[in-house]
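Chain residues, written in single-letter form:
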Amino acid sequence: MEKTSYYKAFVAQTPEGILQSILKKEEPILIAISLTNGSYIEGTLLDISEENKHQKSVCILSENDNVSFFNIRDITVITVKQPKKMVVELSKGAISRPLSSTNQELTVLQLKRWLNNEKSLLGNRINDLKIDTLNLKELNNRLNVQDVFTALQKAVNNITTDALGEEAYQVLDTIVFEQTETLQLKIQSKTLTISLAIDKALPENLADTLEEKLLQIL
């Protein structure tokens, strides 16, 4: 990815939406905020609290350890000073993972070898794991396949913790990954097909979502 090409994927969002995205991040993100009274504040977001539907307060920690409090409706401009740390959120998933992940190396052959070695974690009855219909030309897509597999493994582990879950899961012997815009799971003739947008940011709590959908169809 070119140094500045990721900007083209960014989409317009409200200041509150940006702040809510920042609040969910584990690492602090440096931002700058301009207020209606002319104040300008740089720092990291500490909290957003809602007193009622019309009153939301923001708490910011500045670089010199000052803490500022103001109403969210008083924000005129919010500037994300470290956009590379928020490319997924600022592009609303069009960029599927942080730019730092692109430093990883994972060829198609390496991915297939990895899946072949790891598929036993999904159970001894799973004989085949198919990804051939996916677009694997992009590194992000290949990394996403790894993440989906890991999430699926967690979901399967949770489902097969007792004899009933193990018995229900034993009907499967093949797992297929397919591209689609929305996450869907279906079982047909001992084959579990997982359809999702492998070229976009993966859903939050993917393992929990896969577990819930599997329980509905097993």
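Above this note sits the structure.
Residues numbered from 1 in each chain as written. Predicted model: local features only at pLDDT ≥ 70, side-chain atom pairs only at ≥ 80, totals over all residues. Heavy atoms only, no water.

Section: the pairing of strand 9 (residues 191-196)
Consecutive residues of a regular strand have side chains that alternate between opposite faces of the sheet.
1) Next: The buried fraction of strand 9 amounts to six of the six residues, a majority that puts the element mostly inside the structure.
2) Next: Side chains Thr191, Thr193 and Ser195 project from strand 9 onto one buried face, and the interleaved Leu192, Ile194 and Leu196 project onto a second face that is buried too.
3) Next: Bridge count between strand 7 (residues 174-179) and strand 9: six bridges; the pairing is parallel. Following the sheet pairing, Val176 is matched in strand 9 by Thr193.
4) Next: The sheet contact formed by strand 8 (residues 184-188) and strand 9 spans five bridges and is antiparallel. The residue bridging Leu185 from the neighbouring strand is Ile194, located in strand 9.
5) Next: Here strand 8 hands over to strand 9 after two residues, with Ser189 in that stretch at a positive phi of 50°. (Buried < 20%, exposed > 50% of the residue type's maximum accessible area, 1.4 Å probe, protein only. Helix = DSSP H or I, 4+ residues; strand = E, 2+ residues; numbered from the N terminus. Pairing = 2+ DSSP bridges.)

A closer look at the sheet that holds strand 7
1) Next: One open sheet holds the four strands; their spatial order is 6-7-9-8, and the pairing between them is mixed. The open sheet has two free edges, formed respectively by strand 6 (128-130) and strand 8, since each of these has just one partner strand. Pairwise comparison of adjacent strand axes, ignoring direction, gives a mean angle of 15° for this sheet.
2) Next: Relative to the sheet, helix 6 (residues 206-217) contacts strand 8 and strand 9, its axis offset from that of strand 8 by approximately 35°. (Axes fitted to C-alpha atoms, helices over the stretch in contact; angles between N-to-C directions. Contact = heavy atoms within 4.5 Å.)

A short note on the packing of helix 4 (residues 139-159) against helix 6
1) Next: In the contact formed by helix 4 and helix 6, the axes pass within 8 Å of each other and the chain directions differ by 50°. Classed by the angle they form, the pair helix 4 and helix 6 counts as oblique. Classified by chirality, the crossing of helix 6 by helix 4 is right-handed. Contact residues: helix 4 offers Val148, Ala151, Leu152, Lys154, Ala155, Val156, Asn158 and Ile159, while helix 6 offers Leu206, Ala207, Leu210, Glu211, Leu214 and Leu215.
2) Next: Grouping the amino acids of the contact of helix 4 with helix 6 by side-chain chemistry returns 11 nonpolar, one polar and two charged. (Parallel < 35°, antiparallel > 145°, perpendicular 65-115°, else oblique. Left-handed = near helix turned anticlockwise from the far one by under 90°. Nonpolar A, V, L, I, M, F, W, Y, C, P; charged D, E, K, R; others polar.)

Here's the deal with the packing of aromatic side chains
1) Next: For the structure on display, the rule yields two aromatic pairs.
2) Next: Note on Tyr7 and Phe10: the rings are 5.7 Å apart at their centroids and 90° apart in plane angle, and the pair reads as edge-to-face.
3) Next: Using a relative accessible area of 41% as the deciding quantity, one classes Tyr7 as partly exposed.
4) Next: Where Trp114 meets Phe149, the ring centres are 5.2 Å apart and the plane angle is 70°; that geometry is what we call edge-to-face. Pair noted here: Trp114 is in helix 3 (residues 108-118) and Phe149 is in helix 4, with a separation of 35 residues, a long-range link.
5) Next: Judged by relative accessible area, Trp114 falls into the partly exposed class, the value being 23%. (Phe/Tyr/Trp six-rings, centres within 6.5 Å; stacked < 30°, edge-to-face > 60°.)

Considerations on unusual backbone geometry
1) Next: Phi angles above zero are rare outside glycine, and Lys190 is one such case at about 65°.
2) Next: Within the secondary structure, Lys190 sits in the loop between strand 8 and strand 9.
3) Next: With a phi angle near 55°, Asn205 is a residue other than glycine that sits in the positive phi range.
4) Next: One can find Asn205 in the loop between strand 9 and helix 6.
5) Next: By relative accessible area, Asn205 is classed as exposed at 56%.

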